Each structure stands twice: as C-alpha cells, then as structure tokens.
Amino acid sequence: MSADRPAGRSPNPVSGGHLGTRHILVLIVAAAAPLSAMVGTVPLAIAFGTGAGVPAAFTFAGITLLCFSVGFAVSARRTGGVGGFYVSVADGLGRPPAAATGYVAVVSYNCATFGLVGALGYFTHLVLADHGVHVPWEWCAAAGLALVAVLGYREIALSARLLTLMMLGEVGILCVLDIAVLVRHGLGALPLSSFSPARAAGPGLGVTLAFCFISFIGFESAALYGKEAKNPRRSVPRATYGAVVLIAGFYALTSWIAVGAVGPGKVQGVAGRQMGDFFFRLGGDYLGGAGATVLQILLCTSLLAACLALHCATNRYTQTLATDGLLPRSLSALHPRHGSPHRASVVQNVLTVLVVAGFAVAGLDPYADLTTSMLGLGTVGIIALQAIAAASVLGLRFKGGGTHWWREGVAPVLGFAGLLVSLWLVIANFDMITGKPGTLVAYLPWLIPVAAVVGAGYAGWLRSAHPGRYRALGQIERVPDPAPPAGPAPAAAATGATATAPGAPGSPVHDR
C-alpha cells in the first residue's frame, strides 16, 4: 500500500444501509425544526420585515431551493449520494474547492448545532418556569445534549425512528392550529393581499428573506446519509425534493394562515409586541389553554429533534473529511456494531459542551447571545455551501458531464442566483438577525471565508507534498445500487478489465 493512501479506506464500496427515503426525509425535516421556525423566526420576519408578505417570501425561498435541489440531485446520482457538498463540489469543481467546502461545512454545521443547544436550554427553562418548575437553562441544555450524545453514538435508524415521532408531533399541532383558524375564519384566513406585489416586495424584504432561508437550515443534508441508505441514488434525490416541497409548503401555508388569523393590517404590530409569544397566543386563542401548553412542550421536542439531526449531519461531515485525511484520521472510525461515526460524535459533543459552557461562564444570554450568533453564522456558511454546490453542477456541464437543459443548466443557474442573493441579504442583515449591531458579532461571517482559504490552502499543500493523498480527496467510497440488473456480464467484466478507478478520466471525480 502506498504511504500516501489514506488509512482505513476500503478498496470496495460499502454496502447499502437501513435508511429508506422516509427515514432520510425525517432527518432533513427534523433538522429544519418546523415548529421552532414558526415560533422563533416567523414573528421576527413579520415584525421587522414585510409583515403580511412573509408567506410570499417563503414561497420564493422554496422555489429557489427547489431549483437548487434539481441540480443537486444530478450530483447525488453521480456520486452515489454520499459525502454531502464535499463530494459534490469535488465532482464538479475539483479538489481544492472541495476541501474548502468541507472545512466550511464542518464549521457551519458545528456552529448551527451550538446555537440550537442554546435555544433548547433557553426555551426548556422558560416552559418549565411557566409551569412552576425552575431549572437553570444550563441544566436543561445539558440534559438535552446528553440524550443527543447517546442517540448520536448509536445506529442512525434509531435516531430516525425517534425523530419521526417528534416531527409528527410538532407538525401535527401546527396542522391542528391551521385547521382551527380555517374553521373559524373560512377563506378569510387566506388573504390574497399577502401575495400582492406591494406587500410581497415591500419594505423589509431583505430581512424577511434572511429569516426565511434560516428556517430551511439543514434541508440539504440528505447526501450525508448515502452510506446508510438502502438505495442512495434514488432515496437521496427523492428525500431532497420531498423535504423542499414539504417544508416550503408547510411554512408558506402556516404563516399565511397566521396572517389571516390576526389580519393583514394588524399582524405586523401584533407580532412586534408579542414576538416569541405570537404562536403561543394563537394557540391559546384557537386551541385553548391545553393547546398552548402542548405547543410549548412540542417546541422543546422540536429543538431537541433539530439538535439531534444537525449533530448527526455534522458527524458525517467530520467522518468524511477524516477519511480523506483533512481531519485527524481517528475520527473516520465507524462503530463496529452501530455503524455510526462514534468518535466524531464524541468530539462534536465535547466541542458543544465547551462552547455552551464558555457562554454560560461568561454570563451571556443563551438565546440573545449564543443562539443568535452561532445559528446566524451557521446559516451564512450553509447558504454559501448551497451556492457552491449549485455552481459545481454548472461545472459538470462545462466539462461535458451534463447535457440536459433544465437539470444541468437552467435550474442550477436559477438556484445559484437565488442563493447568492439570499447570502448577500443574510450577511447584510446579520446584525438584525443576531440582534447585536455594532459589535464584534457583526464580523463573525468572516470566519466562513477564512475556513475556505484554510481548506483550499491545505489541499494545495497536499498536491505538492503528498500527491497520493491529494488524488484521494473527494473519492469517497461509492455505494452501489442494491439490485444491479440481471443479464450477461459487461464486456469489461468478461475480459477481466477493471472498472474505472476513482480519479481516472471518466470517473465521477477526475484528477484535478
């Protein structure tokens, strides 16, 4: 074996796992945390953005991400649905951009997880206090993180089953609220003025779109579970499409009904006064006190589900980069029984404890300081990753790897343009998102290009110092189709010829 060959890389592809399209879809939707998005971001988007025009902004975000998903599905089918953005960018743009993408992904997903753990501790503390139980937010966060640590260490299918229950609960209560509003107001709960140009593109559009794209965080993580999927070339694209349609449709409809429940002319002022209590007040008005209590409880389980889903996604990025030597190789190990990246899971939990404890010791607020800054930074990085992934599909077309006018042409261009605009809006409104104008927090987005430069620079150093390791970047073991078509063996196999080697011309990732 060459000294430059990454340790632990099997010469054979790994076999498919136990996750179907439904399981992957649940992992994605749980990461987006629909109830948390409705409670946490919709009132802010209404109050500081376009008011009653928020449903139109969610529709625009959904269309943009659907265009992105069309191109991303092309890449997922080529790469076998593994490795996330890292492998997709290696496929379309080459190794240095892929290494930059991998480092940005690790930073972004870790920061998003830190922020969600802070939100979990904060809201669980408030809900318990509202019912006479006083537990410090630090202990609430610690209890949630302990559960995430246990589940993240074990087989992913166990997490998927638990996330299914939690996701059904949070989506279910919002559906009940939607139905209750529709029953009381009829079609008046769906005001057409929300989609009028004056409201949809009115003052505050940038702030609204920024909060809307934050609400989709984690939807693109399907391609991180390819190794654990039964049929990744089908389930990963299907889960991605399904997640975009489900999340966008649900967000747009629920926010639209919320506008109708309060009234298009009054909703901005009401949201500005009530803020985080906006949906709880709606729950109390339309579902009674018991409904508001259920909303509170399910908000906590929604945040727990989001923490677990993003924890799992972060670990798989870490394991992927460690396999290629971009991170310590010990983190690439898979548990012999559970098949999970258990060492990456432990390290991620330790990092989370250190960050959350640091904020607590400094006396900073878990939501106003920890959640807003870390989740905001993670959102900037993930939107940037989505834009780069869309560009990588265009890279395939320019290299002659794609010919379909919509899948490899128009859709990625539309997705790329929409994501660039969204990235600019999020960065331009970062102080509004974090609530920290004029502070050092405003400079946090610069960590994303720094991570990218470090990744690309390290790849450049590998190219000259360790060419074997450099050629292996982005060459994650492809998962084969579970049931190859029956029939005579291909001529290459009959004559003893080997399949196209990773990195050779004609393989998914060329020597770039």
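Structure: above.
As a starting point, this report considers the structure included with it. Bear in mind the structure is a predicted one, so any value in this text is a computation, not a measurement. (Residues numbered from 1 in each chain as written. Predicted model: local features only at pLDDT ≥ 70, side-chain atom pairs only at ≥ 80, totals over all residues. Heavy atoms only, no water.)

What follows deals with the overall build of the protein. Secondary structure assignment for the protein yields 20 helices and 0 strands. Of the contacts formed within the protein by residues at least 6 apart in sequence, a portion of 82% connects residues at least 24 apart. For the protein, the exposed area adds up to about 19800 Å²; of that, 68% sits on carbon and sulfur atoms. (Helix = DSSP H or I, 4+ residues; strand = E, 2+ residues; numbered from the N terminus. Contact = heavy atoms within 4.5 Å. Areas by Shrake-Rupley, 256 points an atom, 1.4 Å probe, with all protein chains shown as cover.)

What follows is about the packing of aromatic side chains. Summed over all chains, the structure comprises 12 aromatic pairs. Centre to centre, the rings of Tyr122 and Phe123 are 5.0 Å apart; their planes meet at 80 degrees, and the pair counts as edge-to-face. Judged by its relative accessible area of 22%, Tyr122 is partly exposed. For Phe123, a relative accessible area of 15% puts it in the buried group. With 5.5 Å between their ring centres and 75 degrees between their planes, Phe216 and Tyr251 make a pair best called edge-to-face. Taken together, the positions of Phe216 in the loop between α10 (205–214) and α11 (232–262) and Tyr251 in helix α11 put the pair 35 residues apart, joining distant regions of the chain. The class of Phe216 is buried, set by a relative accessible area of 2%. What makes Tyr251 buried here is its relative accessible area of 0%. What links up through ring pairs into an aromatic cluster is the set Phe58, Phe216 and Tyr251. In this structure, Arg95 is placed above the aromatic ring of Tyr470, and the distance from its NZ or CZ to the ring centre is 5.6 Å. (Phe/Tyr/Trp six-rings, centres within 6.5 Å; stacked < 30°, edge-to-face > 60°. Buried < 20%, exposed > 50% of the residue type's maximum accessible area, 1.4 Å probe, protein only. Lys NZ or Arg CZ within 6 Å of the ring centre and 35° of its normal.)

Moving on, we come to the environment of Val39. Among the secondary structure elements, Val39 is positioned in helix α2 (residues 34–40). In sequence terms Val39 and Gln296 are 257 residues apart; their C-alpha atoms lie 9.7 Å from each other.

Counted by the stated rule, this structure contains 2 cavities of 30 Å³ or more. Here the largest cavity is characterised by a volume of approximately 40 Å³. For the lining of the largest cavity, the leading source of residues is helix α15 (residues 366–398), giving 4 residues. Counted by class, the lining of the largest cavity contains 6 nonpolar, 2 polar and no charged residues. (1 Å grid on protein atoms, 1.4 Å probe; cavity = no way out; pocket = protein on both sides within 12 Å on 5 of 7 lines; lining within 4 Å. Points joined across faces, edges and corners; volume = space filled by probe spheres on them. Nonpolar A, V, L, I, M, F, W, Y, C, P; charged D, E, K, R; others polar.)

Glancing now at helix α16 (residues 406–428). Between its first and last C-alpha, α16 extends 31 Å over 23 residues, near the 33 Å set by a 1.5 Å rise per residue. The largest bend in α16 amounts to roughly 30 degrees and is located at Pro412. Listed as buried for α16 are Glu408, Gly409, Ala411, Pro412, Gly415, Gly418, Leu419, Ser422, Leu423, Leu425 and Val426. Buried residues along α16 sit against α4 (54–79), α10, α15 and α17 (430–434). (Expected span 1.5 Å × (residues − 1). Bend = angle between axes of the 7 residues up to and from the residue.)

Turning our attention to a nonpolar patch on the surface. Residues Tyr153, Val346, Val347, Val350, Leu351 and Leu354 make up a contiguous nonpolar surface patch of roughly 480 Å² in combined accessible area. With 5 residues, helix α14 (residues 342–361) is the single largest residue contributor to the nonpolar patch. If you trace the backbone, Leu351 turns up in helix α14. Given the relative accessible area of 38%, Leu351 is considered partly exposed. (Patch = residues over 30% accessible without salt bridge, like charges linked within 9 Å, V, L, I, M, F, W, Y side chains within 5 Å. Salt bridge = Lys/Arg side-chain N within 4 Å of Asp/Glu carboxyl O.)

A separate point is a positive patch on the surface. Where like charges cluster on the molecular surface, the positive patch consists of Arg77, Arg234, Arg238 and Arg407. Structurally, Arg234 is set in helix α11. (Lys, Arg positive; Asp, Glu negative; His and termini not counted. Charge placed at Lys NZ, Arg CZ, Asp CG, Glu CD.)

Right, let's talk about the side chain of Ser373 for a bit. If you trace the backbone, Ser373 turns up in helix α15. In this structure the side chain of Ser373 is engaged in a polar contact, spanning 3.3 Å, whose partner is the backbone oxygen of Leu370. Filtering out sequence-adjacent residues up to four positions away, Ser373 remains in contact with Phe359, Phe430, Thr434, Val441 and Leu444. (Polar contact = N/O pair within 3.5 Å; in protein donor to acceptor, adjacent residues only side chain to side chain.)

What follows covers the layout of surface pockets. A water-sized probe, rolled over the atoms, reveals where empty space remains. As a volume, the second largest pocket reaches approximately 500 Å³. Lining the second largest pocket are 31 residues, with Gly40, Thr41, Tyr367, Thr371 and Leu375 sitting closest to its centre. Listing elements by their share of the lining of the second largest pocket, those giving two or more residues are α1 (21–32), α2, α3 (42–48), α6 (95–130), α10, α13 (278–323), α15 and α17. A total of 6 residues in the lining of the second largest pocket trace back to one element, the largest contributor, which is α15.

With that settled, the discussion passes to the packing of α15 against α16. In a pair of packed helices, the angle between the axes and the distance between the axes together describe the arrangement. Contact pair α15 / α16: the axes reach a minimum separation of 8 Å and the direction vectors enclose 155 degrees. By the angle class used here, α15 and α16 are roughly antiparallel. For the element pair α15 and α16, the recorded crossing hand is left-handed. Side by side, α15 and α16 meet where Val380, Ile383, Ala384, Gln386, Ala387, Ala390, Ala391, Val393, Leu394 and Arg397 of the first sit next to Arg407, Glu408, Gly409, Pro412, Val413, Phe416, Leu419, Leu420, Ser422, Leu423, Val426 and Ile427 of the second. (Axes fitted to C-alpha atoms, helices over the stretch in contact; angles between N-to-C directions. Parallel < 35°, antiparallel > 145°, perpendicular 65-115°, else oblique. Left-handed = near helix turned anticlockwise from the far one by under 90°.)

Here helix α8 (residues 156–185) is 30 residues long and its end C-alpha atoms lie 43 Å apart, about the 44 Å a rise of 1.5 Å per residue gives. At the C-terminal side of α8, Gly186 shows a positive phi close to 65 degrees.

Bringing the environment of Asn315 into the picture now. Along the polypeptide, Asn315 turns up in helix α13. It is 8.9 Å that separates the C-alpha atoms of Asn315 and Ser340, two residues lying 25 residues apart in sequence.

So, on to the environment of Gly53. Tracing the sequence through the fold places Gly53 in the loop between α3 and α4. Put simply, Gly53 and Val259 are 206 residues apart on the chain and 8.8 Å apart in space, counted from C-alpha to C-alpha.

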